[in-house]
Every structure is written in C-alpha cells, then in structure tokens.
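Chains, contacts and geometry: an overview
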Amino acid sequence: MLAAQGIVYLLSPPNLTVGVIALSVFLTLTGVFILIGFLTPIVNMLAALECTVALVWVQLPWGLLTSNLGFFCLIMMFVAIALIGPGAFSIDAHLFGWKEIVIPAAHHKSEE
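Now for a look at the structure at hand. Predicted, not measured: the structure shown is a model, and the values here were computed from it. (Residues numbered from 1 in each chain as written. Predicted model: local features only at pLDDT ≥ 70, side-chain atom pairs only at ≥ 80, totals over all residues. Heavy atoms only, no water.)

1. What about the overall build of the protein chain?
- When its secondary structure is counted, the protein chain shows five helices and zero strands.
- Listed N to C, the secondary structure of the protein chain is α-α-α-α-α in terms of helices and strands.
- Look at the contacts in the protein chain between residues 6 or more apart in sequence, and 64% of them connect residues 24 or more apart.
- Carbon and sulfur atoms make up 74% of the accessible area of the protein chain, which amounts to about 7900 Å² in all. (Helix = DSSP H or I, 4+ residues; strand = E, 2+ residues; numbered from the N terminus. Contact = heavy atoms within 4.5 Å. Areas by Shrake-Rupley, 256 points an atom, 1.4 Å probe, with all protein chains shown as cover.)

2. What about the side chain of threonine 28?
- Considering the arrangement of structural elements, one finds threonine 28 in helix α2 (residues 18-36).
- When neighbours within four sequence positions are excluded, threonine 28 is seen to be in contact with Leu2, Ala3, Gly6 and Ile7.

3. Quick word on the packing of helix α1 (residues 2-10) against α2
- The contact between α1 and α2 brings their axes to 7 Å, and the two run at 155 degrees. On the basis of their axis angle, the class for α1 and α2 is roughly antiparallel. As α1 runs across α2, the sense of the crossing is left-handed. Contacts from Leu2, Ala3, Gln5, Gly6, Ile7, Tyr9 and Leu10 of α1 reach α2 at Val20, Leu23, Ser24, Leu27, Thr28, Thr30, Gly31, Val32 and Ile34. (Axes fitted to C-alpha atoms, helices over the stretch in contact; angles between N-to-C directions. Parallel < 35°, antiparallel > 145°, perpendicular 65-115°, else oblique. Left-handed = near helix turned anticlockwise from the far one by under 90°.)

4. A word on α2
- Over its 19 residues, α2 extends 27 Å from the first C-alpha to the last, a length consistent with the 27 Å expected when each residue adds 1.5 Å.
- All of the buried residues in α2 are Val20, Ser24, Leu27, Thr28, Thr30 and Gly31. Across the axial projection of α2, the buried residues extend over an arc of 165 degrees, all falling on one side. (Expected span 1.5 Å × (residues − 1). Buried < 20%, exposed > 50% of the residue type's maximum accessible area, 1.4 Å probe, protein only. Arc of directions from axis to C-beta.)

The values reported here are purely geometric and, on their own, carry no functional implication.
If you want it as structure tokens, here you go:
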C-alpha cells in the first residue's frame, strides 16, 4: 500500500514539490522493502512512524490513504510485522538465516 501511495504521489504532476517527491520516493522504497522483506524490523518501524506522522500532522488531500482508519490499520500491521519478523521467503531470511527459538522443557521437582 505504501508503494502504491508513493507512485500515486509521483504521478500527480500539479502537486509535485520537492517535499512531495521526497515523500513519494520514501513511501515507494519503504513499501518495496516491506514487500520483499528487506531489513524488516527497521523498515516496518519507519513505516509505522511515517504513517503516524501522516495521520497526526499531515493531511494530504489526494491519494489512496485518505482515511484515518486506513492509516491506523497500516500502523498496526507494520508494528506486528516488525515484531513477528519477515518470514521464511524474505531477503532477510536469506541474508541472516532463519531464527529458531528453542523453549526448554520444564523440569518439575517430584514431591517426596
């Protein structure tokens, strides 16, 4: 969704300013990095931050994300993906390997 939003901003010629171009490129790169799973925890937290900024301070009149609920849902998804991880078929998994969490068995003391 972020990549699509960035492309929509880039394709709106009457509204192109340096700020809009910078925001568009940042949105597009963030969306692509999330899609391919590259630097997932960092990029997802940046995406959640940029959606929070857009929700609180910037009300852009055009584009796909015109609803506050849409921004809130994106923020929650980005936080969840950042906490869960990128997935087995992401670039992060190929670069850094799969992580395995081993939970040791609980040892119970027998009552004597």
